[in-house]
Amino acid sequence: MSKSGASLKITEIFFSIQGEAQTVGKPTVFVRLTGCPLRCHYCDSEYAFYGGERMSLDDIMAKVMSYGATYVCVTGGEPLAQPEARTLLAQLCENGLQVSLETSGALAIDNIDPRVSVVMDVKTPSSGEMSRNDYDNISLLRAEDQIKFVIGDRQDYEWSLFKVSEYNLAGSVGEVLFSPIYEQLEPSQLVEWILADRAPVRFQMQLHKALWGDKPGR
Ligand code: SF4
């Protein structure tokens with residue numbers, strides 16, 4: 001255990017290429033925390049719902065630092081479902097790493113170390129978890145943060161555009177990302193919609209899926 005006794009349930013820690021958002025393509029250490037209170041229809045990390053290994057903060061830090069990388073991404077599951085996630089995020093920053101947090105948007109993103117770049121989902125209708133969106137989070141997002149809509153069909157797209165406008169997201173967060181659901185919506189279709197509407201968003205595809213498909217640990 002660490003001196004503070006803090007520990008977290010961890011599904012995996014691995015070194016790969018960041019597949020999404022602003023640091024896409026950067027070599028990154030991923031810390032995948034176990035557990036998530038949501039059940040999105042398109043979830044690609046269901047293996048992180050249960051199990052995992054309890055690790056002390058010190059052991060997590062040692063493993064992360066062993067890769068000698070600059071970037072670290074704390075993901076899940078839903079990392080914020082574990083109270084000690086905030087301590088981990090702060091400690092990663094203290095160790096000089098550039099830290100991002102991937103979160104569902106269903107749990108409060110308050111009291112996160114300001115050095116952390118937050119990548120927050122807004123759950124679309126076809127996720128099946130739209131009712132879990134905590135819209136109070138939007139006012140906590142800053143220019144260094146990003147917001148992501150995972151889109152499965154035209155209804156999701158129109159709903160997402162409406163939310164971008166309703167909350168003036170294009171003017172308030174660093175990046176508004178529209179991403180097609182893997183193997184559900186043709187990526188080129190989403191691009192066509194975005195271009196036709198001059199939508200103030202950034203299209204993204206999950207680079208790791210293009211490279212390795214749905215393999216865990218990638
Ligand atoms: S929030 Fe993320 S980890 Fe949780 S069910 Fe949805 S996609 Fe999966």
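Not measured: the values here are computed from a predicted model.

Novice: Is there a simple way to explain helix α1 (residues 57-66) in this structure?
Specialist: Helical geometry: 3.6 residues make up each α-helical turn, so side chains three or four residues apart lie on a common side. Residues of α1 that are buried include every one of Leu57, Ile60, Met61 and Val64, and no others. Looking straight down α1, one finds its buried side chains confined to an arc of 100°; they lie on one side. As for α1, its buried residues are in contact with β1 (7-17), β2 (27-33), β3 (53-56), β4 (71-75) and α2 (85-94). Directly beyond the C-terminal end of α1, a positive phi value near 65° is found at Gly68.

Novice: Mind showing me how you'd approach the layout of surface pockets here?
Specialist: One water molecule sets the probe size; rolling that probe over the atoms shows where empty space is left. Volume-wise, the largest pocket comes out at about 800 Å³. In this structure, the largest pocket is lined by 45 residues; those nearest its centre are Glu20, Asp44, Ser45, Lys148 and Gln206. Elements supplying a minimum of two residues to the lining of the largest pocket: β1, β2, β5 (98-103), β6 (117-122), β7 (146-151), β8 (175-180) and α5 (207-212). Among the elements that take part in the lining of the largest pocket, β1 stands out by supplying 3 residues, more than any other. Residue composition of the lining of the largest pocket, grouped by class: 16 nonpolar, 16 polar and 13 charged. When its volume is computed, the second largest pocket comes out at roughly 190 Å³. Forming the boundary of the second largest pocket are 17 residues, of which Thr23, Tyr71, Val99, Ser100 and Ser117 lie nearest the centre. Those elements that provide at least two residues to the lining of the second largest pocket are β4, β5 and β6.

Rules used in this analysis
Residues numbered from 1 in each chain as written. Predicted model: local features only at pLDDT ≥ 70, side-chain atom pairs only at ≥ 80, totals over all residues. Heavy atoms only, no water. Buried < 20%, exposed > 50% of the residue type's maximum accessible area, 1.4 Å probe, protein only. Helix = DSSP H or I, 4+ residues; strand = E, 2+ residues; numbered from the N terminus. Arc of directions from axis to C-beta. Contact = heavy atoms within 4.5 Å. 1 Å grid on protein atoms, 1.4 Å probe; cavity = no way out; pocket = protein on both sides within 12 Å on 5 of 7 lines; lining within 4 Å. Points joined across faces, edges and corners; volume = space filled by probe spheres on them. Nonpolar A, V, L, I, M, F, W, Y, C, P; charged D, E, K, R; others polar.

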